[in-house]
Amino acid sequence: MTTTRAARRALLALLALLTAVAATACSGSDGPAATDKPVVVASTDVWAAVASAIGGEHAEVSALYQSPDGDPHEFEASSADTARVQDANLIVMNGGHYDEYMAQAAEGAKGAQVAATDVRSDPSRGNEHVFYDLVAVSETAQAIADKLAEIAPVNESYYRANAEKFTAQIDELRASLTEIKSKHDGTKVASTEPLAVALLTDAGLVDSAPTGFVNAVEEGQSPSAADRATFDDLLTAHKVEALIYNVQAVDASTEAVLKIAGQSKIPVVQLTETLPAGVTDYITWQRAQIDALAKALDS
């Protein structure tokens with residue numbers, strides 16, 4: 001029997017909760033220590049990169065999940081991870097059950113918390129992958145600056161200046177998406193998994209992938225034969241201009257459509273859920289992906 005991603009998430013959430021309870025009971029911690037250099041623990045390296053852009057030299061930022069491979073949904077926090085979270089001055093997470101391990105590890109923590117799903121002003125945009133919603137990322141960066149200013153008020157002007165700079169860089173990325181939209185508004189693409197919904201929407205693109213296919217991949221199941229055939233037809237008949245491929249949600253069905261895209265000479269845009277090897281900056285990461293998207297559509 002195939003174990004779905006949803007079932008794995010539920011199991012990992014239970015394990016994370018038990019780990020959090022055990023770690024908290026053993027640590028006897030009274031919470032984070034007062035400091036002018038706040039300790040920030042993020043769920044993934046993507047959110048750690050956002051926090052680092054704001055905290056800079058006046059924050060100590062780390063992430064629980066920082067692998068360029070694998071699926072962040074399936075990460076399980078250790079007791080040591082949970083202890084780090086419990087002792088952090090600021091905890092940063094995606095929310096929306098994307099990084100449930102972090103929510104469980106932060107249960108009862110006395111440090112400040114920022115969850116991107118709680119911060120974003122328009123919850124109807126996109127999905128749980130909030131880090132592809134540039135507006136929400138900008139709002140989350142501002143929330144991080146606010147919390148850091150409360151924790152270490154001596155550095156408030158520094159954090160706010162960094163947030164302003166980061167927001168300006170996000171605005172440049174959004175301008176690039178607007179430029180793509182001006183050239184390719186209404187252009188059809190096909191995604192293997194609903195990763196970059198907000199980003200594609202802002203670029204004016206229409207995701208024509210079968211809903212059943214992308215939902216199955218997201219849940220760790222095998223798409224139906226009918227959905228597979230529909231997806232294959234989109235590529236072989238050149239009904240889409242690009243394949244949007246999540247390299248961290250791969251199975252036999254996604255590998256099959258990737259092969260067909262190559263045979264059909266459909267451009268492939270590879271997207272990730274965490275930072276690629278050698279990349280530590282959020283803006284650099286998204287800039288490269290947006291540029292790859294523009295290049296694929298222009299070709």
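Our subject is the structure that appears above.
Scope of this entry: the structure provided in the associated data block. (Residues numbered from 1 in each chain as written. Predicted model: local features only at pLDDT ≥ 70, side-chain atom pairs only at ≥ 80, totals over all residues. Heavy atoms only, no water.)

### With respect to the overall build of the protein
From N to C terminus, the protein includes twelve helices and eight strands. Whereas a compact globule of 299 residues would reach a radius of gyration of roughly 19 Å, the protein reaches 20 Å, a difference of no more than 12%. In terms of its C-alpha atoms, the protein occupies a principal-axis envelope of roughly 60 × 45 × 35 Å. When the 299 residues of the protein are sorted by exposure, 50% land in the buried category. Intrachain contacts of the protein at a sequence separation of at least 6 include 67% that bridge at least 24 residues. Approximately 12800 Å² of the protein is accessible, and the part contributed by carbon and sulfur atoms is 52%. (Helix = DSSP H or I, 4+ residues; strand = E, 2+ residues; numbered from the N terminus. Rg over C-alpha atoms; globule rule 2.2 N^0.38 Å. Buried < 20%, exposed > 50% of the residue type's maximum accessible area, 1.4 Å probe, protein only. Contact = heavy atoms within 4.5 Å. Areas by Shrake-Rupley, 256 points an atom, 1.4 Å probe, with all protein chains shown as cover.)

### A closer look at the sheet that holds strand 8 (residues 268–271)
Strand order in this open sheet of four strands is 6-5-7-8, and the pairing throughout is parallel. If you trace the sheet from one side to the other, it starts and ends with strand 6 (206–207) and strand 8, each paired once. Sheet topology note: the strand 7 (residues 243–246)/strand 8 ladder contains four bridges and is parallel. Across the sheet, isoleucine 244 pairs through a bridge with valine 269, a residue of strand 8. Set on the sheet, helix 12 (residues 282–298) makes contact with strand 5 (188–191), strand 7 and strand 8; between it and strand 8 the angle comes to about 170°. (Pairing = 2+ DSSP bridges. Axes fitted to C-alpha atoms, helices over the stretch in contact; angles between N-to-C directions.)

### Quick notes on the packing of aromatic side chains
Taken as a whole, this structure holds ten aromatic pairs when the rule is applied. Each ring, one from tyrosine 65 and one from phenylalanine 75, has its centre 5.4 Å from the other, and the planes form 75°; the classification is edge-to-face. Here the residue tyrosine 65 occupies a position in strand 2 (residues 60–65), and phenylalanine 75 occupies one in the loop between strand 2 and helix 3 (79–87), the gap between them amounting to ten residues. For phenylalanine 75, a relative accessible area of 17% corresponds to the buried category. (Phe/Tyr/Trp six-rings, centres within 6.5 Å; stacked < 30°, edge-to-face > 60°.)

### Thoughts on the nonpolar core
With 55 residues, the main nonpolar core has Trp47, Ile54, Ile144, Phe166, Tyr282 and Leu293 as its most contacted residues. Contact partners of tryptophan 47, with chain neighbours within four places excluded, come to Ala42, Val92, Met93, Asn94, Ala116, Val130, Phe131, Val137 and Thr140. Core analysis: the next-biggest nonpolar cluster, separate from the first, contains 16 residues, Leu235, Tyr245, Ile260 and Ile266 among them. (Core = buried A, V, L, I, M, F, W, Y, C linked by side-chain atoms within 4.5 Å.)

### Considerations on the sheet that holds strand 1 (residues 39–44)
An order of 2-1-3-4 is seen for the four strands of this open sheet, with the pairing classed as parallel. At either end of the open sheet lies a strand with only one pairing partner, and these are strand 2 and strand 4 (112–115). Sheet twist, expressed as the mean angle between neighbouring strand axes with direction ignored, is 20°. Sheet topology places strand 1 next to strand 2; five bridges connect them, and they run parallel. Note on strand 2: the bridge partner recorded for valine 41 is serine 62. Each of strand 1, strand 2 and strand 3 (90–93) is contacted by helix 2 (residues 45–55), which is oriented at about 145° to strand 1, the strand it contacts most. Set on the sheet, helix 6 (residues 134–151) makes contact with strand 1, strand 3 and strand 4; between it and strand 4 the angle comes to about 175°.

### Topic: the pattern of salt bridges
Throughout the structure, instances matching the rule amount to ten salt bridges. For aspartate 202, the salt bridge is made with arginine 125, and the minimal N-O distance between the two is 2.9 Å. With aspartate 202 in helix 8 (residues 197–202) and arginine 125 in the loop between helix 5 (116–119) and helix 6, the pair connects residues that are 77 residues apart, well separated along the chain. The network of salt bridges with common partners includes Arg125, Asp133 and Asp202. (Salt bridge = Lys/Arg side-chain N within 4 Å of Asp/Glu carboxyl O.)

### Overview of helix 11 (residues 252–263)
With twelve residues, helix 11 should cover 16 Å at 1.5 Å per step; its first-to-last C-alpha distance of 17 Å lies within 8% of that length. On its buried side, helix 11 packs onto helix 9 (211–218), helix 10 (225–236), strand 7 and strand 8. Just past helix 11, the residue lysine 265 takes up positive phi, approximately 60°. (Expected span 1.5 Å × (residues − 1).)

### What to know about the environment of alanine 203
Tracing the chain through its elements places alanine 203 in the loop between helix 8 and strand 6. Here the alpha-carbon distance between alanine 203 and threonine 187, two residues 16 residues apart in the chain, equals 9.4 Å. Among residues more than four places away in sequence, those in contact with alanine 203 are Leu177, Ile180, Lys181 and Leu293.

### Describing the pairing of strand 5
Two elements, strand 5 and strand 6, share two bridges in a ladder whose sense is parallel. If you follow valine 189 over to strand 6, its bridge partner there is aspartate 207. Crossover handedness for the path strand 5 to helix 8 to strand 6: right-handed. With two bridges joining them, strand 5 and strand 7 adopt parallel strand pairing. Considered in strand 7, the bridge of serine 191 is made with isoleucine 244. (Right-handed = clockwise from strand over helix to strand, strands pointing away.)

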